[in-house]
Amino acid sequence: MHGQALPKSDLISRPWEYEAVYRRGKRVRGNNCSLICLPTDRENNRLGISIHGIKKAVKRNRIKRIIREFYRLNRAALPAATDMVFTVREGFSPNSPEEVKQAIFTLLKKIGSPSPSR
RNA sequence: AGGAGUGGGCGCAUGGUCGCUGUCCGCCUUCGGGCGGGCAGAGGAAAGUCCGAACACCGCAGGGCAAGGUGGUUCGUAACACGAACUGGGGGCAACCCUAAGGAAAGUGCCACAGAAAAUAUACCGCCGGGCAACCGGUAAGGGUGAAAAGGCGAGGUAAGAGCUCACCGCCUUCAUGGUGACAUGGAGGGCAUGGCAAACCCCACCUGGUGCAAGACCAAAUAGGGAAACGUUUGAGGGCGGCUCGUCCGAGGUUUCCGGGUAGGUUGCUAGAGGCGCCGGGCGACCGGCGUCCCAGUUAAAUGAUCAUGGCCCGCUUCGGCGGGUACAGAAUUCGGCUUAUAGCCCACUCCUUUUU
RNA sequence: GGCCCCAUCGUCUAGUGGCCUAGGACACUGGCCUCUCACGCCGGUAACAGGGGUUCGAGUCCCCUUGGGGUCA
């Protein structure tokens, strides 16, 4: 264990789980992307990615992989015990995990202190 | 040297660190899985879904109709709308390229405007003959219209003209030869009859049952409902008619157990195949046969990634030490055979044209 | 992933291969009317998704591409 592994069980993969996050989560909007967080009972945090409006499969997969890579490297810095869904719209095209890191950290500043308000 | 044509091929490489998916081996296990190691992990188009098949389920005695598709010939192929070779037509100086290319004397329909007339024919300006003229007769050479005008061109002929006659070309009929065939070549005859459009209806020949891996098969929560049995119930729960009592009709809820269908979810179908590579043989070729050898993704809110270094290739700057930038199109989803479309930068082979030199 | 459908002015739509230089309504805009606005009247701008082919001639027929939309759990 190196603390940087990302197995598939830590990804949100069921439609109703996405529905729950969309319905009851807290949403922060950014430039062509937004972050929705929902506190849960489990110990670690989980990630979901939703991409809309990007038609070429190569670009879509690349955005997904870069976001996942960012999440793998910076997981400890993110609030624990939450399901977070990263939503991407047309026009958002990062080239490296650093850009995603900046974008997400500005969103987290918008949320404020990672308050575990239930 | 420059320009052009055809066919084929490549489409970044290597290593370190951190990750993802599958599989094999070993160990641990609370039997859910976890850890360590080995191996494998996007394409020439994976794309568009335009055709053809395999496979699966449903339907089906046989035949016909309808609907749709294909359309030179002969081969190739599991099959095709694909490919090869050849034929006809068109384009190009040429290499070579393009070609839905059967039938218009089976029928129906359309051919705007213009024009006399758009297909049974007919005669506007004309030409010629007759006639004082009105007009009558003969013509279709010429003009004009149009995308297209009833063979073309030349000569003879004539009142003027006309396949009326003749030569050449085209067309039709027929014969011979060559070819598996499309067709080609040649001879004889006819004397012009047969305008175009079938990616208009149609006729002819051939082909096609429908749905598609979200096909189909198996396991199977929760909730609702179905069936069966037992207990319970005729001392009648509940409901309908009726304003209500009475009445009358329908009638077994309820509890327990079992069964079958089946949703979420899971497993399977799921990758060894009309397979790749090499050699030999057959064929002009597409392709086929034989032998040897190899195992080469299998995901499911979607794995194949991030970063660092070194080196290729291209472009720009250069103080010739280097520096900076770029490295296309694009991501498997049941599997194959084609077609079409996108594609930076290259490589190889053959061929043609122009110019120069020998 | 499979299977289908559609595309005409800014918007909603007509349009038997030739009367199409593509019609109508709303919108926009110029003028008239009015003290001004509205209404009304007279005009104007503005479109066949792109590329090939068939045809004398294509918005219409055929093929390819592009962009939308539907459906199957």
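Remember, predicted model here, so these are calculated numbers, not experimental data.

**Q** In this structure, what is going on with the pattern of salt bridges? I would like to understand it.
**A** When the charged atoms of two side chains with opposite charge come close together, those side chains can pair. As enumerated under the stated definition, the model contains five salt bridges in all. Linking Glu-17 and Arg-46 is a salt bridge whose minimum nitrogen-to-oxygen distance equals 3.8 Å. You can see Glu-17 sitting in helix α1 (residues 15-24) and its partner Arg-46 sitting in strand β3 (residues 46-51), a full 29 residues away along the chain. Each member of the pair, Glu-17 as well as Arg-46, is classed as buried. Salt-bridge contacts for Arg-72 lead to Glu-69; the nearest nitrogen and oxygen are separated by 2.7 Å.

**Q** How should the sheet that holds β3 be read in this particular structure?
**A** Two modes of strand pairing occur in sheets, parallel and antiparallel, and in both the strands are linked by backbone hydrogen bonds. Strand order across the open sheet formed by four strands is β1-β2-β4-β3, with mixed pairing between neighbours. Looking along the sheet, the strands with just one partner apiece sit at the ends: β1 (26-29) and β3. Within the sheet, the average angular offset between the axes of one strand and its neighbour, ignoring direction, is 15°. Bridge count between strand β2 (residues 33-39) and strand β4 (residues 82-88): seven bridges; the pairing is antiparallel. Bridged to Cys-37 within β4 is Met-84. Seen against the sheet, α1 touches β1, β2, β3 and β4 and runs at an angle of roughly 95° to β2. Contacts between helix α2 (residues 57-73) and the sheet are confined to β3 and β4, with β3 contributing the most and set at about 160° to the helix.

**Q** Can you help me understand the protein's contact with RNA strand B in this one?
**A** Residues in close proximity to RNA strand B total 23 residues, the closest being Gln-4, Lys-8, Arg-62, Arg-65 and Arg-72. Contact between RNA strand B and Arg-72: a sugar or linking oxygen at 2.8 Å from a side-chain N or O atom of the residue. When contributions to the surface near RNA strand B are tallied by element, the ones reaching two or more residues are α1 and α2. By residue number, the principal contributor to the surface near RNA strand B is α2, which donates nine residues.

**Q** Just checking my understanding: could you explain the pairing of β3 for this structure?
**A** Residues in a regular strand project their side chains so that they alternate between the two faces of the sheet. Counting buried residues along β3, five of its six residues qualify, which places the element largely inside the surrounding structure. Alignment of β3 against β4, held across six bridges, turns out to be parallel. Bridging from a neighbouring strand, Leu-47 pairs with Met-84 of β4.

**Q** Even after reading the chapter, I still don't get empty space enclosed by the protein, so can you show me in this structure?
**A** To find leftover empty space, one rolls a probe the size of a water molecule over the atoms. Using the criterion set out here, one finds one cavity of 30 Å³ or more in the structure. The calculated volume of the largest cavity comes to roughly 50 Å³. Forming the boundary of the largest cavity are Leu-35, Leu-47, Ile-67, Phe-70, Tyr-71, Leu-78, Met-84, Phe-86 and Ile-104. Mapped onto the lining of the largest cavity, the elements with two or more residues apiece are α2 and β4. Of all the elements, α2 adds the most residues to the lining of the largest cavity, at three residues. Here the lining of the largest cavity is composed, by residue class, of nine nonpolar, no polar and no charged.

About the thresholds
- Residue numbers restart at each chain and count upward from 1, following the sequence in its written direction.
- Written order determines the labels here, with chains lettered from A and ligands numbered from 1.
- Where totals are concerned, whole chains, interfaces and linings use all residues; where local detail is concerned, this predicted model gives features only for residues with pLDDT of at least 70, and gives and counts side-chain atom pairs only at 80 or more.
- Side-chain figures throughout are based on the complete set of non-hydrogen atoms in the structure, without hydrogens or water.
- The working definition used for a salt bridge is a side-chain nitrogen of Lys or Arg within 4 Å of a carboxyl oxygen of Asp or Glu.
- Each helix corresponds to a stretch of at least 4 residues labelled H or I by DSSP, and each strand to a stretch of at least 2 residues labelled E; elements are numbered beginning at the N terminus.
- When a residue's accessible area, from a 1.4 Å probe over protein chains only, is under 20% of the maximum for its type it is buried; when over 50% it is exposed; and in between it is partly exposed.
- Note on pairing: two strands pair once DSSP finds at least 2 bridges between them.
- The convention used is that axes are lines fitted to C-alpha atoms, helices contributing only their stretch in contact, and that angles between N-to-C directions extend from 0 to 180 degrees.
- Contacts are assigned to residue pairs with any non-hydrogen atoms lying within 4.5 Å of each other.
- Near is defined per residue: the residue qualifies when any heavy atom it owns lies within 4 Å of the molecule or strand.
- In protein, a polar contact requires one atom able to donate a hydrogen and another able to accept it; more generally it is a pair of N or O atoms within 3.5 Å, and residues adjacent in sequence count only if both atoms are side-chain atoms.
- Buriedness for pockets is judged along seven lines, at least five of which must meet protein on both sides within 12 Å for an open set on the 1 Å grid over protein atoms alone, while cavities are sets there where a 1.4 Å probe fits but cannot get out, and lining residues have an atom within 4 Å of a point.
- Grid points are joined across faces, edges and corners, and a volume is the space filled by probe spheres set on the points.
- Gly falls in the polar group here, along with every residue not listed as nonpolar (Ala, Val, Leu, Ile, Met, Phe, Trp, Tyr, Cys, Pro) or charged (Asp, Glu, Lys, Arg).

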